[in-house]
Amino acid sequence: MGDRLKVGILGGTGMVGQRFISLLEDHPWFEVAAIAASPRSEGKTYEDAVGGRWKMQTPMPEAVKKMIVKNVNEVEQVSSEVDFVFSAVDMSKEEIRDIEEAYAKTETPVVSNNSAHRWTPDVPMVVPEINPEHLEVLASQKKRLGTTRGFIVVKPNCSIQSYTPALTAWRKFEPSLVVATTYQAISGAGKTFKDWPEMEHNIIPYIGGEEEKSEQEPLRIFGKVVDGKIEKADAPLITCQCIRVPVLDGHTAAVFISFDKKPTKEELVQSLTEFRGMPQELELPSAPKQFIQYLEDEDRPQVALDVDYENGFGVSIGRLREDTHFDWKFVGLSHNTVRGAAGGAVLIAELLKAKGFITKK
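Let us look at the structure shown here. Numbering of residues starts from 1 in every chain and runs along the sequence as written. In keeping with the model being predicted, local features are shown solely for residues with a pLDDT of at least 70 and side-chain atom pairs are shown and tallied solely at 80 or more, while totals for entire chains, interfaces and linings include all residues. Side-chain descriptors were evaluated using all non-hydrogen atoms of the structure, hydrogens and water having been removed beforehand.

### A word on the packing of aromatic side chains
Working step 1: Two aromatic rings from Phe, Tyr or Trp, using only the six-membered ring of Trp, form a pair when their centres are within 6.5 Å; if the ring planes differ by under 30 degrees the pair is stacked, by over 60 it is edge-to-face, and anything between is tilted. Across all of its chains, the model carries 11 aromatic pairs by this definition.
Working step 2: Judged by centre distance (5.2 Å) and plane angle (90 degrees), the rings of Trp170 and Phe330 are edge-to-face. In this pair, Trp170 is assigned in the loop between helix H7 (164–169) and strand S7 (175–184) and Phe330 in strand S14 (residues 328–334), connecting sequence segments 160 residues apart. The exposure classification of Trp170 matches that of Phe330, with both residues buried.
Working step 3: Ring geometry for Phe256 versus Phe326: centroids 5.7 Å apart, planes at 45 degrees, classification tilted. Only runs of H or I of at least four residues qualify as helices and only runs of E of at least two qualify as strands under DSSP, and these elements are numbered from the N terminus. Exposure classes here rest on a 1.4 Å probe applied to the protein chains alone. A residue is buried below 20% of its type maximum, exposed above 50%, and partly exposed in between.

Here it is in structure tokens:
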């Protein structure tokens, strides 16, 4: 493996686990060294454990096909073979909290795609371009866990990635009220059209728990660290509706926004296109060169044309125009299983390595 860090994938047979494995196939810093899943997959080759359930559009990487899947509950055994883990396990929230802390306590950093720890006060929920300073709470978390290098970092919900970057770029104009409707792809539910044929030509106006996450998680990202804990921000006020639509990959958001300071369209567009974060400054391997693109055409962004912008790590904004009741309205698009899920976690891990939080054991 050379100098690359050894990575474990917890929940490696599910859709997000598969996306991790695809993204890490040729990664310059990380290499998959262990795959763990439920006891029913234990002892099988990865190829056999997944069977006909490979959901990616690219082939399964040869390097993992014959890898023997481990029992995710055998924490000590899995941890002994890796430098850190990505977590995408399918369990109850209580079970996820317990198993992620168990891995962290073996001095194995955990970068989680799950929601179980998103509101644990000393667990940072990070979009690397937006709030890398929240990583400072890891000192308090490690003190609580009794670890020196083990910790948990989580990424936020996929639904907020299509509009929260724009809100971040515009924070100097003090956004005060946001109304967002998200149109969310079926892969966000871990499905393809083969798995979920009833979604073809259909819309479902309900996704359990999604609206609360979409309204509250941006406020935690915009929050500040106080006494080793993250306190969420008070503004902007955000209200959301979340709708499942017949699209495989790509979450779209239609957003109305009011500001305390009244920007021009030119100022808003300039703020989007000039926005850069720590991943761009550090030139992390997966970082988009241009985090947010603004599209002038009236019929953009479109899933078919724009979802893979910057290999799925970038965010597309378009249709920015004045509104009759709010100040402005726009449409955003992000790739929900790349930027919004596994890819976002890979970028977090790259940031953690670059900042010295993840090293070889």
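### Brief notes about the pattern of salt bridges
Working step 1: By definition here, a salt bridge exists when the distance from a side-chain nitrogen of Lys or Arg to a carboxyl oxygen of Asp or Glu is within 4 Å. Applying the stated criterion across every chain, the model contains 15 salt bridges.
Working step 2: The closest approach of N and O atoms between Arg144 and Asp122, which form a salt bridge, is 2.6 Å. Residue Arg144 is found in helix H6 (residues 138–145), and its partner Asp122 is found in the loop between strand S5 (110–112) and H6; the two are separated by 22 residues along the sequence.
Working step 3: On the basis of relative accessible area, Arg144 is assigned to the partly exposed category, the value being 41%.
Working step 4: For Arg339, the salt bridge identified is with Glu129, shortest N-O distance 2.9 Å. Note that Arg339 is positioned in helix H12 (residues 338–354) and Glu129 in the loop between S5 and H6, a separation of 210 residues in sequence. A single burial state applies to Arg339 and to Glu129, both of which are buried.
Working step 5: Look at the salt bridges and you will find they share partners, linking Glu101, Asp122 and Arg144 into a network.

### Concerning the sheet that holds strand S10 (residues 237–244)
Working step 1: Should DSSP find at least two bridges between two strands, the strands are regarded as paired. Strand order in the open sheet formed by 6 strands is S10-S7-S11-S14-S13-S12, with mixed pairing between adjacent strands. Of all strands in the sheet, those bounded by a partner on one side alone are S10 and strand S12 (292–295). When strand polarity is set aside, the average angle formed by the axes of neighbouring strands in this sheet is 20 degrees.
Working step 2: Relative to strand S11 (residues 251–259), S7 runs antiparallel, the two sharing 8 bridges. Convention adopted: a line fitted to C-alpha atoms gives each axis, helices being fitted over their contacting stretch, and angles between N-to-C directions are expressed from 0 to 180 degrees.

All we've got here are geometric facts, nothing functional implied.
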